[in-house]
Amino acid sequence: MGLTIGVPREVFPGEKRVAAVPETVEKLIKLGFVVAVESGAGAEANFDDASYVAAGAVIADTASALWASADVVFKVRAPSTDEVDLMHEGQTLVSFIWPAQSADLMTALATRKVTVLAMDCLPRMLSRAQKMDALTSMAGISGYRAVIEAANVFGRFFSGQITAAGKVPPAKVFIAGAGVAGLAAIGTAASMGAIVRANDTRAEVADQVKSLGGEFVAVDYVEEGGGGGGYAKVMSEGFQQAQRDMYAQQAREVDIIITTALIPGKPAPKLITAGMVQSMKAGSVIIDMAAEQGGNCELTEPGKAVVKHGVTIVGYTDLTSRLAKQASTLYGTNLFRLAEELCKTKDGMINVNMEDDAIRGLTVIKDGAVTWPAPPPKLPPAPAPKPASAVVAKKGHGHGAPSEPMSGGKLAVMFAIAAALFWFVGANAPPAFLGHFTVFVLACFVGYMVVWNVTPSLHTPLMSVTNAISSIIVIGALVQITPPAVAGMSRPDELIRWIALVGIALTAVNMFGGFAVTRRMLAMFRK
């Protein structure tokens with residue numbers, strides 16, 4: 001019998017999410033775990049107790065019974081003081097913790113001698129950790145929901161409309177911060193027909209903004225804003241002043257502002273001043289997604305929607321809970337992927353491997369010892385430089401010296417040899433063969449020149465389509481294996497017929513495969 005994973009009901013006010021859904025419960029049981037769910041834990045996310053029982057979970061009547069029986073606890077929000085008191089030595093907690101802002105909680109958890117894995121501390125730069133990245137999952141949901149809340153408050157259409165009553169211009173939306181939440185908001189607002197503008201301190205996200213249908217608004221100040229781990233860093237005062245000037249201009253022009261700026265371990269930066277709010281048009285909307293960390297707008301009131309200077313400022317701190325079923329499903333999947341990493345033996349036992357960079361980054365307390373912050377992940381070793389002799393040999397095509405243009409004499413000799421070969425073929429081969437051979441050589445030359453001049457990024461679709469041109473081979477092979485249609489024509493011998501049959505089979509695979517690859521590639525660009 002494996003360890004028991006406990007899923008308690010969230011006690012944080014307004015929290016509707018749950019850390020496991022029936023779909024992930026089934027998968028956890030297949031890993032060898034026993035899953036216990038507190039009665040009513042998934043009710044707010046539209047998962048009743050019966051659905052958990054059907055998935056194989058055990059229902060615990062009370063929170064104290066669940067915490068007492070669980071070896072591993074899956075949660076969404078950090079535990080409350082009462083929940084910490086229910087924990088016992090040797091227990092493992094997996095949850096959002098925010099250790100930089102929760103010193104008292106960290107001390108209390110360490111006193112209980114438990115192991116704590118903080119989902120907010122995952123090293124996001126590790127590609128193999130992306131399947132466990134709950135921050136990204138939740139940020140995408142909150143960005144989408146922010147646009148929905150803005151549309152609910154805004155008094156007009158998002159898209160432009162031409163009606164019998166007159167023309168309605170599209171809404172103008174400005175999004176401050178183009179991280180995961182910002183990009184989700186850009187895509188949602190653009191799909192609803194709004195004119196979308198966005199800004200971020202990281203210049204590399206400009207292409208991502210444009211790909212989602214937005215316009216990237218750059219700050220007239222050159223400074224790199226990447227802070228590592230998918231976050232932005234604190235910028236210089238000169239940059240911040242130039243940024244404020246740009247925000248002030250956007251505030252006067254747009255209808256909706258959505259702010260997403262956060263810096264790990266620090267209060268949310270103030271991007272929208274009271275003066276900017278006052279300059280906005282009456283009926284405008286600000287959605288402050290950083291409200292829980294103090295807000296990006298000076299006039300934000302966390303947890304509330306208020307109207308100031310004729311502008312509605314929404315500071316909801318439960319955007320993900322407003323899509324509780326979807327958020328719970330994604331978060332539960334992230335936790336299941338983590339369980340796979342902790343239980344690679346699939347016997348229901350976990351191994352918190354501190355040599356694994358992803359697990360080490362998540363682990364903030366190990367058996368009562370505080371292990372946060374984690375050291376930087378180990379980067380893969382740089383490839384060894386090639387010996388100079390090998391590089392020179394490669395440039396010289398194996399002759400040990402850099403390649404040089406072919407001399408006129410060598411070129412003349414090559415042409416003379418090629419001419420002699422053509423004369424030999426023309427003098428000894430049948431007339432019909434000479435015509436076919438000429439077409440073959442010209443086809444090779446034209447095909448080579450066509451492919452050579454194509455951008456490398458287009459090679460795959462080009463090849464998948466041009467492979468279908470090999471249908472001409474099928475036609476030639478069919479001519480060889482079918483009976484002669486004209487009296488007096490010679491019938492091909494059996495060897496040629498069998499070669500033609502094999503050619504038809506191979507070319508058919510090539511043709512159908514080419515079209516199949518093309519269809520799959522085109523499907524990648526369809527919504």
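Here the residue numbers are simple positions, counted from 1 along each chain's written sequence. Only residues with pLDDT of 70 or above have their local features reported here, since the model is predicted, and side-chain atom pairs are shown and tallied only from 80 upward, although totals for entire chains, interfaces and linings are computed over all residues. Each side-chain value is derived from all of the structure's non-hydrogen atoms; neither hydrogens nor water enter the calculation.

**Quick look at the overall build of the protein chain**
Next up, step 1: Numbering goes from the N terminus for both helices and strands, where a helix is a DSSP run of H or I of at least four residues and a strand is a run of E of at least two. Scanning the protein chain from terminus to terminus reveals 18 helices and 19 strands.
Next up, step 2: Long-range pairs, those at least 24 residues apart, make up 61% of the contacts in the protein chain with a sequence separation of at least 6.
Next up, step 3: The Shrake-Rupley method, run with a 1.4 Å probe, gives the accessible areas here. Residue values count only the displayed protein chains as cover. Summed over its atoms, the accessible surface of the protein chain is roughly 28,400 Å², and 63% of this surface lies on carbon and sulfur atoms. Residue contacts are counted whenever heavy atoms from the two residues lie within 4.5 Å of one another.

**As for the pairing of strand E9 (residues 172-176)**
Next up, step 1: With 4 of its 5 residues buried, E9 lies for the most part within the structure.
Next up, step 2: Strands are labelled as partners when DSSP assigns at least two bridges between them. Sheet analysis places E9 next to strand E10 (residues 195-199), joined by 5 bridges and oriented parallel. Looking across to E10, one finds that lysine 172 is bridged to isoleucine 195.
Next up, step 3: Here is how to tell: hold the view so the strands point away, follow the path from the first strand over the helix to the second, and if it runs clockwise the crossover is right-handed. Handedness of the crossover joining E9 and E10 through helix H7 (residues 180-191) is recorded here as right-handed.
Next up, step 4: In this structure, E9 lies alongside strand E14 (residues 256-259), joined through 4 bridges in parallel fashion. Bridge pairing in E14 places phenylalanine 174 opposite isoleucine 257. In this scheme, a residue with accessible area under 20% of its type's maximum is buried, one over 50% is exposed, and one in between is partly exposed, where area comes from a 1.4 Å probe on protein chains only.

**So, the pattern of salt bridges**
Next up, step 1: Note on definitions: salt bridges are taken to be side-chain nitrogens of Lys or Arg within 4 Å of carboxyl oxygens of Asp or Glu. Taken as a whole and judged by the stated rule, the model has 24 salt bridges.
Next up, step 2: We note a salt bridge from glutamate 83 to lysine 75, for which the minimum N-O separation is 3.5 Å.
Next up, step 3: A salt bridge links lysine 281 to aspartate 255; its shortest N-O distance comes to 3.1 Å. Remark: aspartate 255 occurs in the loop between helix H9 (237-253) and E14 and lysine 281 occurs in the loop between helix H10 (274-279) and strand E15 (285-288); sequence separation between them is 26 residues.
Next up, step 4: Residue classification places lysine 281 among the partly exposed residues on the basis of a relative accessible area of 37%.
Next up, step 5: It is possible to trace a salt-bridge network through shared partners that takes in Arg128, Lys131, Glu341, Lys344 and Asp356.

**Quick notes on the sheet that holds strand E18 (residues 363-366)**
Next up, step 1: Pairing within the open sheet is mixed, and its 8 strands lie in the order E3-E2-E1-E4-E5-E6-E18-E19. Each having just a single partner strand, strand E3 (58-60) and strand E19 (369-370) make up the two edges of the open sheet.
Next up, step 2: One ladder, built from 3 bridges, connects strand E2 (residues 34-38) with E3; its direction is parallel. Its bridge partner being in E3, glutamate 38 is matched across the sheet by alanine 60.
Next up, step 3: Helix axes are fitted only over the stretch in contact, all axes being lines through C-alpha atoms; the angle between N-to-C directions runs from 0 to 180 degrees. Lying over the sheet, helix H5 (residues 103-111) contacts strand E5 (92-95), strand E6 (115-118), E18 and E19, oriented at roughly 35° with respect to E18.
Next up, step 4: Contacts from helix H11 (residues 324-342) reach strand E4 (72-74), E5 and E6, with the element oriented near 140° to E5.

Any functional reading would require information that these geometric values do not contain.
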